[in-house]
Amino acid sequence: MTSATPGVVAVPGASEELVERLSDGLERVERLIVERTRHEDDFISEANLHLAQAGGKRFRPVLTMLAAELGDGITDEVVAAAAGVELTHLASLYHDDVMDEADLRRGAPSANAKYDNSTAILVGDLLFGSASDVIADLGPQAVKIQAQTFIRLCAGQIRDDRPCPDGQDPREYYRSVLADKTGVLVATAARYGAMFGGCSPEVVDMATEYGERLGVAFQLADDLIDIASRSGDSGKTPGTDLREGKRTLPVLNALASEDPADDELKALLVSDLDDPERLERVLELLRPHPAMTAAREEMLAVGRRAAEVLDPLPESDAKAALLALVASVVDRAG
């Protein structure tokens, strides 16, 4: 899935009619986001929308609307749920930028580069509040889901910023972190769509599981892109995760190597990578490494499992688009 501008979506495998409905729905989502983040203080209004206006594919709200198409389609409640999910995602990006100390986000100055850290954190908090305000209009069950999602999302971010505890398998720990920090919000996006699209409880459960697996595949792809991309290709500074000492799956795979030829890479991976030359050397060694191949194969396997969740559903335009969405997510990483 790609989106050149907000309100215009292209989903491989979708009919013109479905694309038109999604595009119209996304325009409604964008209007609602602007409406619910507008503030009497011009600076707050501008800061609220800084990352939203930097672009992005609106992956989560499009997923919400696609899941709704498994039922009765895109209602006002589906639009509100999609906006609430996107606001939650945007809020998390402000906090991510402070934690990552990156300079770019979506090709624009990151929140921490545009503002000071305190302001970026507070704007993120404000957006979380705005998201909860939108979701509150959808009833107590939606509020409960939002709260549970927020708990898992924040727990995942906390765990992502800490080393794997002694006695735990680092790669299993990493997989559980991905399910919380990324998978849960994508799962909620699909869950809300199916719920407010009038789907049966069985289809809601199916959409939720599909979404969580899709979210994990999405994050695995992002982690590969962080290493494989060249400067400026992805709108984000290459090697950000490495510089911050985050041990993503390619790094964990490399550290588990018993090949003496990998001693230099392993030593560098546990060193301070704030040094640009050292970071560049790690990227040079890691990009062609089998550790990247193994991580890419795992990403593809998770994507296949996401697609398999939808097997019981009858063939439809919406199902074809959801399957195509999996392919577009994993294709980003090559």
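Anyway, here's the lowdown on the structure attached to this text. Note that this is a predicted model, so its numbers are computed, not measured. (Residues numbered from 1 in each chain as written. Predicted model: local features only at pLDDT ≥ 70, side-chain atom pairs only at ≥ 80, totals over all residues. Heavy atoms only, no water.)

1. Considerations on the nonpolar core
We count it as follows: Take the buried residues of types Ala, Val, Leu, Ile, Met, Phe, Trp, Tyr and Cys, join any two whose side-chain atoms come within 4.5 Å, and each joined set is a nonpolar core. Relative accessibility under 20% of the residue-type maximum defines a buried residue, over 50% an exposed one, and the middle range a partly exposed one, all with a 1.4 Å probe and only protein chains included. Strands are runs of DSSP state E lasting at least two residues, helices are runs of H or I lasting at least four, and both sets are numbered from the N terminus onward.
Judged by nonpolar contacts, the single largest core of 95 residues is most densely connected at Leu-63, Tyr-192, Tyr-210, Leu-214, Leu-242 and Leu-286. When residues of this core are assigned to their parent elements, the largest contribution, 14 residues, is made by helix H9 (residues 201-228).

2. Considering helix H3 (residues 59-68)
Among the 10 residues in H3, 10 count as buried, and that is most of the element. Listed in full, the buried residues belonging to H3 are Phe-59, Arg-60, Pro-61, Val-62, Leu-63, Thr-64, Met-65, Leu-66, Ala-67 and Ala-68.

3. Points about the packing of aromatic side chains
The following threshold applies: Ring pairs are drawn from Phe, Tyr and Trp, using the six-membered ring of Trp, whenever the two centres fall within 6.5 Å, and their geometry is named by plane angle: stacked under 30 degrees, edge-to-face over 60, tilted for the rest. By definition, being over a ring means that NZ of Lys or CZ of Arg is both within 6 Å of the ring centre and within 35 degrees of the ring normal.
The final tally for this structure, using the stated rule, is three aromatic pairs. Here Phe-128 and Phe-150 contribute two aromatic rings whose centre-to-centre distance is 4.3 Å and whose plane-to-plane angle is 40°, an arrangement assigned as tilted. With a gap of 22 residues between them, Phe-128 in helix H6 (residues 117-136) and Phe-150 in helix H7 (residues 140-160) connect regions that are remote in the sequence. Between the NZ or CZ atom of Arg-60 and the centre of the ring of Phe-218, over which it lies, the distance is 5.4 Å. Over the ring of Phe-218 we find Arg-332, and its NZ or CZ is 4.1 Å from the ring centre.

4. Focus: the packing of helix H2 (residues 42-49) against H6
Threshold: Fitted lines through C-alpha atoms serve as axes, helices being fitted only where they are in contact, and the angles separating the N-to-C directions of these axes extend from 0 to 180 degrees. Any angle between 65 and 115 degrees counts as roughly perpendicular, while under 35 counts as roughly parallel, over 145 as roughly antiparallel, and the rest as oblique. Residue contacts follow a heavy-atom distance rule, with two residues in contact if any of their heavy atoms lie within 4.5 Å.
Running from N to C, H2 and H6 cross one another at 80°; their axes reach a closest spacing of 10 Å. Taken as axis vectors, H2 and H6 run roughly perpendicular relative to one another. Contacts between H2 and H6 involve Phe-43, Ile-44, Ala-47 and Asn-48 from the former and Thr-119, Val-123, Leu-126 and Leu-127 from the latter.

5. Quick look at the layout of surface pockets
We count it as follows: Site definitions follow a grid-based scheme: protein atoms alone, a 1 Å grid, a 1.4 Å probe that fits but cannot get out for cavities, and for pockets an open set with protein on both sides within 12 Å along at least five of seven lines, plus lining residues having an atom within 4 Å of a point. Grid points are joined across faces, edges and corners, and a volume is the space filled by probe spheres set on the points.
Volume-wise, the second largest pocket comes out at about 170 Å³. Along its surface, the second largest pocket is lined by Arg-175, Leu-178, Ala-179, Glu-212, Arg-213, Val-216, Leu-220, Glu-298, Val-302 and Arg-305. Put simply, the parts of the chain that give the lining of the second largest pocket at least two residues each are helix H8 (170-196), H9 and helix H14 (290-309). If you tally residues by element for the lining of the second largest pocket, the top one is H9, at four residues.

6. Looking at the environment of Arg-162
Among the structural elements, Arg-162 can be located in the loop between H7 and H8. Look at Arg-162 and you get exposed, because its relative accessible area is 56%. Note: C-alpha distance between Arg-162 and Arg-247 (85 residues apart in sequence) is 9.9 Å.

7. Remarks on helix H13 (residues 276-286)
Count 3.6 residues to each turn of an α-helix, and residues three or four apart come out pointing the same way. Convention followed: Working note: the arc is built from the helix axis to C-beta atom directions. Side-chain atoms alone can form a polar contact between residues adjacent in sequence; in general such a contact is a pair of N or O atoms within 3.5 Å, and within protein one must be able to donate a hydrogen while the other accepts it.
Looking at H13, one finds that the buried residues are Leu-279, Val-282, Leu-283 and Leu-286. For H13, the arc enclosing every buried residue in end-on projection is 100°, short of the 170-degree limit, so these residues lie on one face. Along its buried surface, H13 packs onto H9, helix H10 (240-243), helix H11 (249-255), helix H12 (263-269) and H14. The backbone nitrogen of Glu-277 lies 3.2 Å from a side-chain oxygen of the residue at the head of H13, namely Asp-275.

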